[in-house]
Amino acid sequence: MYSYTTQSLLILLLLSTTVSLASQSEADYIRSLAAHLQAQTEVTVTGGRVDLVTNTYAIEVERASKWKNSIGQALWYGLQTNKAPAIILIKEGDADNKYTIQLRSALEHAGLQDLIPVWVYPDNFPDLPIDDTPNFSSDQYEDQEATDFWLSVNSNKRHNRGCNQFEESRGRYCTATEGEAAGCCH
């Protein structure tokens, strides 16, 4: 039997692992997966941006709890790129296993299980570390202000560097005049 101290340390270790996974942005996962899969990222198509494009697949990367969004996006992006649609779910803990089951069940019900491969991070990528460093260098921008703001492309909201939403959504760096100022950044 474990002592109280050992049990406490194990619980803290498990919590810190879960917190570290949850603190990664979707962009962090996309960057690391892109390097691993030798894929292009954020490829613009009609009606959206494909998270990852390889020679074979147009891949939608989605947190497991948002699995329902991934099916339509993967299908659309596959059509737009003339690639096979695929999905990578980001599982942030064992509680997310139910979402993988739900996604696979929905695909099977629609007869799409053989047409849309589903991979799960970290299960299918056990040795892939997630890089949480931004994928830019400030010398890419002539104007330093362009790295002080983040534009969430889905909402067209602009977040400043001090906001907790900065770099946390699907988006890009922008200037102070692009998009609409987000209310959380005042």
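Up top you'll find the structure we're talking about.
What comes next concerns the included structure. Quantities reported herein were computed from a predicted structural model and do not represent experimental measurements. (Residues numbered from 1 in each chain as written. Predicted model: local features only at pLDDT ≥ 70, side-chain atom pairs only at ≥ 80, totals over all residues. Heavy atoms only, no water.)

**Remarks on the packing of helix α3 (residues 67-81) against helix α4 (residues 97-109)**
Phase 1: Here α3 crosses α4 at 40 degrees, and the two axes come no closer than 9 Å. In terms of their interaxial angle, α3 and α4 are classed as oblique. Relative to α4, α3 is oriented so that their crossing is right-handed. Facing W67, S70 and I71 of α3, the residues of α4 in contact are Y99, Q102, L103, A106 and L107. (Axes fitted to C-alpha atoms, helices over the stretch in contact; angles between N-to-C directions. Helix = DSSP H or I, 4+ residues; strand = E, 2+ residues; numbered from the N terminus. Parallel < 35°, antiparallel > 145°, perpendicular 65-115°, else oblique. Left-handed = near helix turned anticlockwise from the far one by under 90°. Contact = heavy atoms within 4.5 Å.)

**Some details on the sheet that holds strand β8 (residues 171-174)**
Phase 1: The strand order across the open sheet built from four strands is β8-β6-β7-β9, with neighbouring strands paired in mixed fashion. The strands lining the two open edges of the sheet, one partner per strand, are β8 and β9 (180-181).
Phase 2: In this structure, strand β6 (residues 149-152) lies alongside β8, joined through four bridges in antiparallel fashion. Considered in β8, the bridge of W150 is made with Y173. (Pairing = 2+ DSSP bridges.)

**Brief notes about helix α2 (residues 26-37)**
Phase 1: Its twelve residues give α2 an end-to-end C-alpha distance of 16 Å, which sits within 8% of 16 Å, the value for a rise of 1.5 Å per residue.
Phase 2: Within the span of α2, buried status applies to E26, D28, Y29, I30, R31, S32, L33 and A34.
Phase 3: Positive backbone phi, approximately 55 degrees, marks Q38, located one or two places after α2. (Expected span 1.5 Å × (residues − 1). Buried < 20%, exposed > 50% of the residue type's maximum accessible area, 1.4 Å probe, protein only.)

**Quick word on the packing of aromatic side chains**
Phase 1: Applying the stated rule across the entire model yields three aromatic pairs.
Phase 2: Between the aromatic rings of Y57 and W119, the centroid separation amounts to 5.3 Å while the plane-to-plane angle is 85 degrees, which identifies the pairing as edge-to-face. Of this pair, Y57 sits in strand β3 (residues 57-63) while W119 sits in strand β5 (residues 118-121); the two residues are 62 residues apart in sequence, bridging distant segments of the chain.
Phase 3: Cluster of aromatic residues (ring-pair linked, three or more members): Y29, Y121 and F125. (Phe/Tyr/Trp six-rings, centres within 6.5 Å; stacked < 30°, edge-to-face > 60°.)

**Here we look at the nonpolar core**
Phase 1: By size, the foremost hydrophobic cluster in this structure holds 15 residues, and its most contacted members are L33, L52, V61 and I88.
Phase 2: Contributing elements (two or more residues each) for this core: α2, β3 and β4 (84-90).
Phase 3: A per-element tally of this core places α2 first, with four residues.
Phase 4: In this structure L33 touches L52, V61, I88, F125 and L128, once residues within four positions along its chain are discounted.
Phase 5: Residues A74, I87, Y99 and I116 belong to the second largest nonpolar core, which totals twelve residues. (Core = buried A, V, L, I, M, F, W, Y, C linked by side-chain atoms within 4.5 Å.)

**Things to note about the environment of K83**
Phase 1: Relative to the helices and strands, K83 resides in the loop between α3 and β4.
Phase 2: For the pair formed by K83 and V53, sequence separation is 30 residues and the distance between their alpha carbons is 8.3 Å.
Phase 3: What K83 contacts, discounting residues up to four positions off in sequence, is V53, T54, N55, T56, Y57, A58 and G78.
Phase 4: A polar side-chain atom of K83 sits 3.1 Å from the main-chain carbonyl oxygen of N55. (Polar contact = N/O pair within 3.5 Å; in protein donor to acceptor, adjacent residues only side chain to side chain.)

**What about unusual backbone geometry?**
Phase 1: The peptide bond linking Y121 to P122 adopts the cis configuration, its omega dihedral lying at 15 degrees.
Phase 2: As for its placement among the helices and strands, P122 is situated in the loop between β5 and β6.
Phase 3: Residue E42 is not a glycine yet carries a positive backbone phi of 50 degrees.
Phase 4: Relative accessible area serves as the criterion here: at 23%, E42 is assigned to the partly exposed category.
Phase 5: Positive phi, close to 60 degrees, is recorded for N82, a residue that is not glycine.
Phase 6: Tracing the chain through its elements places N82 in the loop between α3 and β4.

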